[in-house]
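Fold and contact review
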Protein chains: 4
Amino acid sequence: MTTKKLWDKGYAVDAEVEDFTVGTDYLLDMQLVRYDCLASIAHARMLGRIGILKPKEVERLVHGLNHIIDLWKNGKFTISKEQEDVHTAIENRLTDSLGDLGKKIHTGRSRNDQVLTALRLYYKDNLKECIALSKGFAAAINGFSAEYGGIKLPGYTHMRKAMPSSIGLWAGAFTDSIQDNIYLLESTLRLVDQSPLGTGAGYGMPLKLDRESTAKELGFSKVQDNPIYVQLSRGKFESTILHVLSQAMLDINRMASDLILFSMPEFGYFEIPSKFTTGSSIMPQKKNPDVLELLRAKYHVVVSYEMQVKGISGNLITGYNRDMQLTKQPVMAGFAVTEQSLRIAAHLFKGLKASKSNCAMGLTDDVYATQRAYDLVKKGVPFRDAYKEVSKKYAGKK
Amino acid sequence: MTTKKLWDKGYAVDAEVEDFTVGTDYLLDMQLVRYDCLASIAHARMLGRIGILKPKEVERLVHGLNHIIDLWKNGKFTISKEQEDVHTAIENRLTDSLGDLGKKIHTGRSRNDQVLTALRLYYKDNLKECIALSKGFAAAINGFSAEYGGIKLPGYTHMRKAMPSSIGLWAGAFTDSIQDNIYLLESTLRLVDQSPLGTGAGYGMPLKLDRESTAKELGFSKVQDNPIYVQLSRGKFESTILHVLSQAMLDINRMASDLILFSMPEFGYFEIPSKFTTGSSIMPQKKNPDVLELLRAKYHVVVSYEMQVKGISGNLITGYNRDMQLTKQPVMAGFAVTEQSLRIAAHLFKGLKASKSNCAMGLTDDVYATQRAYDLVKKGVPFRDAYKEVSKKYAGKK
Amino acid sequence: MTTKKLWDKGYAVDAEVEDFTVGTDYLLDMQLVRYDCLASIAHARMLGRIGILKPKEVERLVHGLNHIIDLWKNGKFTISKEQEDVHTAIENRLTDSLGDLGKKIHTGRSRNDQVLTALRLYYKDNLKECIALSKGFAAAINGFSAEYGGIKLPGYTHMRKAMPSSIGLWAGAFTDSIQDNIYLLESTLRLVDQSPLGTGAGYGMPLKLDRESTAKELGFSKVQDNPIYVQLSRGKFESTILHVLSQAMLDINRMASDLILFSMPEFGYFEIPSKFTTGSSIMPQKKNPDVLELLRAKYHVVVSYEMQVKGISGNLITGYNRDMQLTKQPVMAGFAVTEQSLRIAAHLFKGLKASKSNCAMGLTDDVYATQRAYDLVKKGVPFRDAYKEVSKKYAGKK
Amino acid sequence: MTTKKLWDKGYAVDAEVEDFTVGTDYLLDMQLVRYDCLASIAHARMLGRIGILKPKEVERLVHGLNHIIDLWKNGKFTISKEQEDVHTAIENRLTDSLGDLGKKIHTGRSRNDQVLTALRLYYKDNLKECIALSKGFAAAINGFSAEYGGIKLPGYTHMRKAMPSSIGLWAGAFTDSIQDNIYLLESTLRLVDQSPLGTGAGYGMPLKLDRESTAKELGFSKVQDNPIYVQLSRGKFESTILHVLSQAMLDINRMASDLILFSMPEFGYFEIPSKFTTGSSIMPQKKNPDVLELLRAKYHVVVSYEMQVKGISGNLITGYNRDMQLTKQPVMAGFAVTEQSLRIAAHLFKGLKASKSNCAMGLTDDVYATQRAYDLVKKGVPFRDAYKEVSKKYAGKK
């Protein structure tokens, strides 16, 4: 198997240094195999159209790349650490099977725009997946609300009983929030839906490429014209994605905070399905809401990924800097955490129960104080005076 | 002057505690005076329409509130620390001038939805200001590019000369990025353009209010229906605003990084206008790019504000928690920093110069290596081989 | 009043740019007046000893500087925005009263090492204040524990009742943690206790200064020898301080989280003193734990300050960069927030109560499950089997 | 192979949920095998001393645990995902080989204090490794300085030439900073050097254990007495470690920033060894400082890990919360990144060169302006006037 680096100049590279520079890219990049092949196919066809490759060559390259996609689908495509990344691995394999022709696929392209093209396709698919999962999560909440929505329970402010609320109102807050998350995901999808293919290393190519056609073939809604902006937008697109993911996670964090609290036996408003709880190695009586605690914590994990990208991106001059390679991992991890969390949260709502009797017990007299003040208002008392009147009742209490 | 708190129950509040809870709200809230009055006017009119207030009462309240706006415009409206916030200060003043009628303005409203309504109006205006300033910044860059855009200079990757670029290409990267920032600002404007007025303390009001009409009068494009979501969206809207501001600041950070480096006498590609530089107290020869250094640093300041809001918002149950009060300061500070930076950056571009001769000197032979490889490609050499051929020339060099 | 900048070269400085570069330094620096005067006194005396100044000159400078300290103590020293910072304001005033002699104080010194010296003295005093406040906080907790420590209540894990605990054990966790905070504060105090005076702008001075003697006079335990390291340690010292402050705030955050939860009427284990609660503008029955909520939130505020410094400090070459000026505000704000929070928290514990009866009610049967398993262990049953036996009892329950 | 969870109660656990809760613990925990065995050995011996286990039982357990250490050393110990973590894997294996006796090892212990004990031992070893690596890094810098330290070059402030400096002064700044890092690492080592073993799930054990003896056997310098503090210190210790690691990384970040800039051919002060550079896939002339760029970026990675822990730790009540499990990964990753970076950085300094001729060319006339002003000072001119005099020379220049 060929393991030549694309930029190999022949001097020895120390193994420890290689470990350091490659990092986990060769593992992460397994998620990019299909996207890189698709981009290469589009690129090869375009090279054919502009006369750099002959029709026969295009055909053989496309066939070879499709074959790699098939291998990958069947779990037979691997990237070795020596190959550094998916782009080298694919070019090596093409050269193994097609000889010199395999080398030609790199004409009119740099690893820079290759990486960015594969990542953009990956982002687009994953943003769509997050939208679908958000819809699924909202549907699960709606299903729960259809069964338990009518139950009344106290609404809290400052973690103190405030006014009457209902399971339906509570659930609706989250589905409304999810709608706004979907809006943010779709806005972000539109932002990143720009084709970087053909911008080379950030200063264009000394060849006249047909960027419109590759963008169209790959499903991008527009060409990202300025090659320096292509590089400058790395970090910006990634942190925007992570911000939006963090907001999906924030809803889950707040929802989990409610459920952990109000499923305490001291309240008992909610009942967490058994399979979302775990036991203790020492306390035989325990059923702990571990899944909810982890969902709560994972918000902070995604936020830290966003910060990582924002830290890495600052104080750099324009043009590619290798620092940017390190933004790949946090974005991929951010998608993985968010997608898994959305799935788990939807799953949880399918088994979640609300207890009518416990909620009713929670609706103690003080929850109706505001209502009582407004009864006086309806009789003509100014609200501030009605408030004073009703508040006397609670003066001695905590 | 009346300084009664809206929730005053009569027991002594320790001065140190008051200092702690009020914080700087009474200062920050000076930015909200007009917005809170406008919201109160809309609220009073709606109370008139639904029969809670008589037409004469509405008229007097509207007059009183407009008078407060006038006072504020003339620098004659103040908020004392004892009043805690703008809402109390306004209600106090209304009560001073209108007596019992002043108290009635609080009917059908909580300080919670009052705060949120004033903030949303403030956010909308400031987002619009950021859009206008972004356009102004792009125009300043275009002006600079019109004069110097044709100058060729080396493009860098990894902080090493890479390929030929031009001032125009460089400037265009930033204007394209600013276009995407404007897109993000507009998306965020649409997100926050929801009226929270009428949701009370987060669980609705025991009165039938006409929320559609107040939303319309205040220029909101829709009513934010679910009162729990109104509370839940605090933190989400604020961090989304700060994320977007941070991206405007990131462009400025990258632009400043370029200008600081390439205005070093060792390069001399750019010349910073004198008034954007400062001297040293000890070194007589210095003109330092302080303004650019501060612009660079302020990206991190805005990012930390975003983190502050994201940290505060996590692990809280739904319903209002006082923690959320602390999100007001970072958002206001974020707007202030970003707006000032956009202004300064635009200002700077009006005096910025590029040096044709220095840029030309930078265009050394190695910048054309890729071009040379592609010349071979055009003669039929596969790119990989052309690359090897050309690279021999540079083998012994750094 | 003289308002000449130390580096003034005579060209016009735009007002907007000045606003931008000065920022809030002229306000923040009011906290540094005394420190800067003390450092100047030590510097003047040293200049006398090495023969740069005559004894009479030293005497007059020392007298002038002491006079400025007196003015400041009496609220009569101000720094105008045009003066930019405390160092210019003091030198201007000295020059006003002493003429040319006033100018000589800057011999052998740069604003860089002046700023750093004043800040280090400020840090040392504030770290000591934090240590004293931490001790006061621990004493307040101990006072509370002396009265209520014997009360038993349930200990929780995963927010579920776990095993028996006591108020004393709970309080002791915090005093132990505060001991470790004091250890961290003292370690940090030792770290920053290095004199930067005499390192100029970061590359030493072309004069032979007696740095040991100024360090000694100012109470530094050592000279920070390498002038480049003096600059490099800016950001490092600041973020270390903020990290340690964030840990003091973390304890307060966790303590507040406990108190907010367990003072809910649903538990009633703790009772928050009235003056630490506030009411609602709409709900007459409410007493909200606002002070605790704000204490909880302020942890995140301090963490964001630490991040701000860490963001600003990265990706800069060695030697002073103006970016570093922006680290002043977050450190000062971090001290202010932490010191106020420690004071408020200590204050709160003086009025905090624990309810014996409510705690007793919380000690339901399941809290003793582990104890029961260990009773079997004492009879020879392996723990894992005892656990299984006892857990049967809770199998059907939530 | 046994794969029973320690808390297994018999109901089905959904595979997706298991994936979610286990996360990567079963992989991370491979680093804890030896530490957990050592803690179990100490625990078993203590159980023998207090009469819970018979001498023969202790002997067999110790033998079994030592055998597991041997297996692990030889790469023959694995943890399956079903086993969740190292603690279950070890207990399962003990039970497989020793039957009922294997179960007894869990007497007087909870998974909580087990995890914490293993982690503390791991932290201590890794902090010591960081200290050793820091010393190695300083030694490498000293080696470089011994060869090139005498070379003069310009010192920069605001990225502008300021005053004369030298390679030795520059290198010395880093070795001084590393000394302070070692001080911080040692302070942190003392902080975490407290034995949590014997505190159970956070509320002590219903058995009288001899905690002093296990602490001593495991090499802890003291017992962490309060069991609630043991839990509370999780997050605090971890974030303190990560803060200190971030400071070691900050030095590397700043050093890398210098080297990337000053090895640009435009300066040429430094020469990066070839094996620390990589090429471009498209530009034949390039040798890019990728290793330095990655070192620079990894500072932000470690900072984000610290933020992750700080975010996760806030707003939680005392007592264990599952959220805390997620602090394991960032600390381990923080150690891995920092240790690798320290190794690579030391390695780099062994091949780093400084160019005497390029440095000399950098020492242009303006670098001596301050020197010239001080020459006037020595002739009796007040510094401020000397400064004005010398600055005239540079008035017209950039």
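This one's a predicted model, so the numbers in the text were calculated from it and none came from an experiment.

So, on to the relation of the copies chain A and chain D. When chain A is brought onto chain D, the operation consists of a screw motion whose angular component is 180° and whose axial shift is 0.0 Å, with 0.0 Å RMSD remaining. Such values leave the two copies arranged in the relation of a two-fold axis. The rotation axis passes nearest to the C-alpha of A:Ser304 in chain A, at a distance of 2.6 Å.

With that settled, consider the nonpolar core. Core analysis: the largest hydrophobic core is formed by 559 residues, its most contacted members being A:Phe349, B:Phe349, C:Phe349 and D:Phe349. Beyond its immediate stretch of four places on either side in the chain, C:Phe349 contacts C:Phe137, C:Ala140, C:Ile141, C:Phe144, C:Trp170, C:Met255 and C:Leu259.

Now for the pairing of strand 1 (residues 152-157) of chain D. Residue and element names in this part refer to chain D. Across the 6 residues of strand 1, 5 count as buried, placing the element largely inside the fold. Pairing geometry for strand 1 and strand 2 (residues 160-166), over 6 bridges, is antiparallel. In the strand pairing of strand 2, Lys152 is matched with Ser166. Hairpin connection, strand 1 to strand 2: the antiparallel pair is bridged by 2 residues, and His158 has positive phi, about 55°.

Here we come to helix 4 (residues 55-73) of chain C. All names here are of chain C. If you check helix 4, its first and last C-alpha atoms are 27 Å apart, about what 19 residues at 1.5 Å a residue would give, namely 27 Å. Looking at helix 4, one finds that the buried residues are Glu57, Val58, Leu61, Val62, Gly64, Leu65, Ile68, Ile69 and Leu71. On its buried face, helix 4 is in contact with helix 3 (33-49), helix 5 (86-98) and helix 6 (100-104). One or two positions beyond helix 4, positive phi appears at Gly75, with a value near 70°.

Below, the discussion takes up the environment of D:Lys350. Residues and elements named next belong to chain D. Tracing the chain through its elements places Lys350 in helix 13 (residues 328-351). Among the residues examined, Lys350 registers a relative accessible area of 66% and is labelled exposed. Sequence separation between Lys350 and Lys104 is 246 residues, and the spatial gap between their C-alpha atoms is 53 Å.

Once chain D has been moved 0.0 Å along the axis and rotated by 180°, it coincides with chain C to within an RMSD of 0.0 Å. A high fraction, 100%, of the interface residues of chain D reappear at the interface in chain C, so the copies pair face to face through one surface.

Moving on: the side chain of C:Thr117. All names here are of chain C. Mapped onto the elements of the fold, Thr117 is located in helix 7 (residues 111-148). Engagement of the side chain of Thr117 in a polar contact is seen with the backbone oxygen of Asp113, the distance being 2.6 Å. Discounting chain neighbours no more than four positions away, the residues touching Thr117 are Ala39, Pro196, Leu197, Leu218 and Phe220.

Taken as a whole and assessed by the stated rule, the structure comprises 72 aromatic pairs over all chains. Ring centres of B:Trp170 and B:Phe174 lie 5.2 Å apart, and the angle between their planes is 70°; on these two criteria the pair is classed as edge-to-face. In this pair, B:Trp170 and B:Phe174 are both assigned in helix 8 (residues 167-192), 4 residues apart and thus about one turn of the helix distant. What makes B:Trp170 buried here is its relative accessible area of 7%. A ring pair is formed by C:Phe267 and C:Tyr269, whose centres lie 5.7 Å apart and whose planes are at 70°; its orientation type is edge-to-face. Accessibility classification places C:Phe267 together with C:Tyr269 in one group, the buried group. Of the aromatic side chains, those joined through ring pairs into one cluster are A:Tyr156, A:Phe262, A:Phe267, A:Tyr269, C:Tyr156, C:Phe262, C:Phe267 and C:Tyr269.

All told, the structure shown has 80 salt bridges over all chains when counted by the stated rule. Here A:Lys56 ties to A:Glu59 by a salt bridge, and the two come within 3.7 Å at their closest N and O atoms. One end of the pair, A:Lys56, and the other, A:Glu59, are both in helix 4 (residues 55-73), 3 residues apart, so they sit about a helical turn from each other. Note that B:Asp365 is salt-bridged to B:Arg372, the shortest N-O span being 3.1 Å. The exposure class of B:Arg372 is partly exposed, given its relative accessible area of 28%. A single salt-bridge network, built from bridges that share partners, covers A:Glu306, A:Lys310, B:Glu306 and B:Lys310.

Thresholds applied
Residues numbered from 1 in each chain as written. Chains lettered and ligands numbered in written order. Predicted model: local features only at pLDDT ≥ 70, side-chain atom pairs only at ≥ 80, totals over all residues. Heavy atoms only, no water. Least-squares fit on C-alpha atoms with pLDDT ≥ 70 in both. Core = buried A, V, L, I, M, F, W, Y, C linked by side-chain atoms within 4.5 Å. Buried < 20%, exposed > 50% of the residue type's maximum accessible area, 1.4 Å probe, protein only. Contact = heavy atoms within 4.5 Å. Helix = DSSP H or I, 4+ residues; strand = E, 2+ residues; numbered from the N terminus. Pairing = 2+ DSSP bridges. Expected span 1.5 Å × (residues − 1). Polar contact = N/O pair within 3.5 Å; in protein donor to acceptor, adjacent residues only side chain to side chain. Phe/Tyr/Trp six-rings, centres within 6.5 Å; stacked < 30°, edge-to-face > 60°. Salt bridge = Lys/Arg side-chain N within 4 Å of Asp/Glu carboxyl O.

Function-wise, these values are silent; they only describe arrangement.
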